Amino acid sequence: MDGERLPGTQTDDGARIVTHVDMDCFYAACERLREPALDGEPLVVGMGFEPGETIGAVATASYEAREYGVDSAMAISEALERLPRKIDVVDDPDRDVDEAGFYRPVDMSYYESVSSEVKAILQERADVVREVSIDEAYLDVSDEIRWEEAEEWAEQLKSDIEDAVGVAASVGVAPTMSAAKVASDHDKPDGLVVVEPGEVRDFFADLPVDEVHGVGPVTAAELSSLGIETAGDLADADPDTLADRFGERGMEIYRYARGEDEREVTPRGLPKSLSRESAFASATSDEDAKRDRVRSLADSVADRATSKDALYQTIGIKVVTPPYDVHTRAHSLPGPVDEPSLVEEVALDLLEEFEGDRVRKVGVRVSKLSFSGGDQSSLDGFESAAGSAESADSTSSFERERSSHETSPTNATTDDGPVSEGQASLDGFEAMADGADRSDDDSPTDSTGDGADDEAAESGRSSEGQSTLGEF
Ligand code: TTP
Ligand code: CA
């Protein structure tokens, strides 16, 4: 335990809110998606499962198969000993078919397509997303949420992924990347662990030392020989001894065990859309409150787009009415723009349809994004700007919610599909959009300012966008 710090002293105002998302038995989950009969069955995915084939390795095993001792990287021959193939035992009266499993070969392109659906949702949820593998990403959500909201937010993220894509994620939220990773692993599968600033040392105290980020089995054995069995032991160990024994890496794992990790989540991958939403304390039909909130969210989303050098072609809103009916409406412009005032104006116009309705929650989204300028390298993009512009966003929660709940989708559009125009009050859009300079000579802002905007949204405080209302 920590004798040097008082509880809560890690909670400085600068503590980031880092989320680590890691899909559960990912390849197996993908196989189950297209073959639901595999649900609940021991399932092994890997190479070398052709009849008679014993060469190869396990890529992953479902949690049911792990109970038989089958796990990633195990030789196929060993996996088959522990868990025979059902097909091999089904006609053998001496073998128990219930103690056998299903084997499927790896199909990377399919897993990648499922992964990109998950990543689209993640990119929508945070300004800063670092995709680190096919089934894993870090999100810095410091500007999106407050610690008090972290659990509910993470729960929502998990259920949105599950509903939209059909695969389960484990999520960890913590003030550092290393702690968030440990947190996401801690309660797998279907885990959700939030470790607030000031709780990190307590959280780590009793964990086996090999759960610390960067501690593998070999290091764990060496640490054990020093009497260090838990992460708490490591945090309390003599740093000089660790440095002598393990060099710089010794100091690194020592710091991680103490909840100290200066690494920042840096983005990788380009978002498909940007959105922000905000709930009212209780459902309201106060038109000013609804409009103020939408205005703040629109400003916030437009700021994020500007800060990411993103142009958008579709602007939409989400309105949640009691009990929990989700309505989305969107309008597409003739071309991509970076026009914050337009985001607000379109959002407010779309909101008019809900005049008189009691509303629990509102959201604003820009989509059909393109990244035609600015510092592409800062986004570390794998995708070309053009590729991004073409990307459909049909897996976003906005789209999903619309398709599953929307009552009258007259004005709705998919990001890549044709738009049903015809809102009289939107006349003049084309002229405005055409008039908007499609080049990107708006210089990007350094800071997103999202946190401030969120606060504005939460408090119902209107923002400076008020003046543009007159132009409508
Ligand atoms: P992991 O996230 O390590 O494992 P997982 O998602 O299967 O299971 P968990 O619930 O514990 O997170 O790896 C992600 C995918 O990467 C996994 O589904 C298959 C692939 N993989 C391999 O192909 N070989 C390996 O040795 C490992 C570890 C993973
Ligand atoms: Ca995983």
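Residues numbered from 1 in each chain as written. Chains lettered and ligands numbered in written order. Predicted model: local features only at pLDDT ≥ 70, side-chain atom pairs only at ≥ 80, totals over all residues. Heavy atoms only, no water.

Let's talk about the sheet that holds strand E11 (residues 325-337)
Then, number 1: The antiparallel open sheet is built from four strands, whose spatial order is E9-E12-E10-E11. With one partner strand each, in any of the chains shown, strand E9 (273-284) and E11 form the two edges of the open sheet. With direction set aside, neighbouring strand axes in the sheet form an average angle of 10°.
Then, number 2: Pairing of strand E10 (residues 312-321) with strand E12 (residues 359-367) involves seven bridges; the strand directions are antiparallel. Following the sheet pairing, Val-320 is matched in E12 by Lys-361.
Then, number 3: Together, E10, E11 and E12 form the strand contacts of helix H14 (residues 340-351), whose direction differs from that of E10 by roughly 40°. (Pairing = 2+ DSSP bridges. Helix = DSSP H or I, 4+ residues; strand = E, 2+ residues; numbered from the N terminus. Axes fitted to C-alpha atoms, helices over the stretch in contact; angles between N-to-C directions. Contact = heavy atoms within 4.5 Å.)

Some remarks on the coordination of the calcium ion (ligand 2)
Ideal values for angles at a metal depend on the geometry: 109.5 degrees with four tetrahedral donors, 90 or 180 degrees with six octahedral donors.
Then, number 1: Donor atoms from the polypeptide that bind the calcium ion (ligand 2) are Asp-22 (OD), Met-23 (O) and Asp-135 (OD), placed at 2.1 to 2.3 Å.
Then, number 2: Coordination at the calcium ion (ligand 2) is octahedral, judged from the six donor atoms that bind it and the angles of 82 to 173° they form at the metal.
Then, number 3: In primary-sequence terms, the residues that donate to the calcium ion (ligand 2) follow D-M-x111-D. Taken together, the residues Met-23 in strand E1 (residues 18-23) and Asp-135 in the loop between strand E5 (128-133) and strand E6 (136-140) connect sequence positions 112 residues apart.
Then, number 4: Overall, Met-23 belongs to the buried group, its relative accessible area being 3%. (Donors = N, O, S within 2.8 Å, 3.2 Å for Na, K, Ca; no water. Tetrahedral: all angles 85-135°; square planar, octahedral: opposite > 155°, others 65-115°. Buried < 20%, exposed > 50% of the residue type's maximum accessible area, 1.4 Å probe, protein only.)

Details of the UniProt feature "active site" (unreviewed entry) in the chain
Then, number 1: This chain's UniProt record puts "active site" (unreviewed entry) on Glu-136.
Then, number 2: Here Glu-136 is to be found in strand E6.
Then, number 3: Setting aside residues no more than four positions away along its own chain, Glu-136 makes contact with His-20, Val-21, Asp-22, Lys-119, Arg-130, Glu-131 and Lys-181. (UniProt positions renumbered as here; feature names shortened; annotations may be inferred.)

As for the confidence of the model for the chain
Then, number 1: Taken as a whole, the chain shows an average pLDDT of 77; of its residues, 74% reach a score of 70 or greater.
Then, number 2: Confidence over residues 1-12 falls short of pLDDT 50; this stretch has 19 contacts with residues more than four positions distant or in other chains.
Then, number 3: Long-range and interchain partners of residues 374-472, a stretch whose pLDDT sits below 50, account for 198 contacts in this model, where long-range means more than four residues apart. (pLDDT = per-residue confidence, 0-100.)

Remarks on H14
Then, number 1: Taking 1.5 Å per residue as the helical rise, H14 with its 12 residues ought to reach 16 Å, and the 17 Å between its terminal C-alpha atoms agrees with that figure.
Then, number 2: The buried fraction of H14 amounts to 10 of the 12 residues, a majority that puts the element mostly inside the structure.
Then, number 3: Of all the residues in H14, the buried ones are Leu-342, Val-343, Glu-344, Glu-345, Val-346, Ala-347, Leu-348, Asp-349, Leu-350 and Leu-351. (Expected span 1.5 Å × (residues − 1).)

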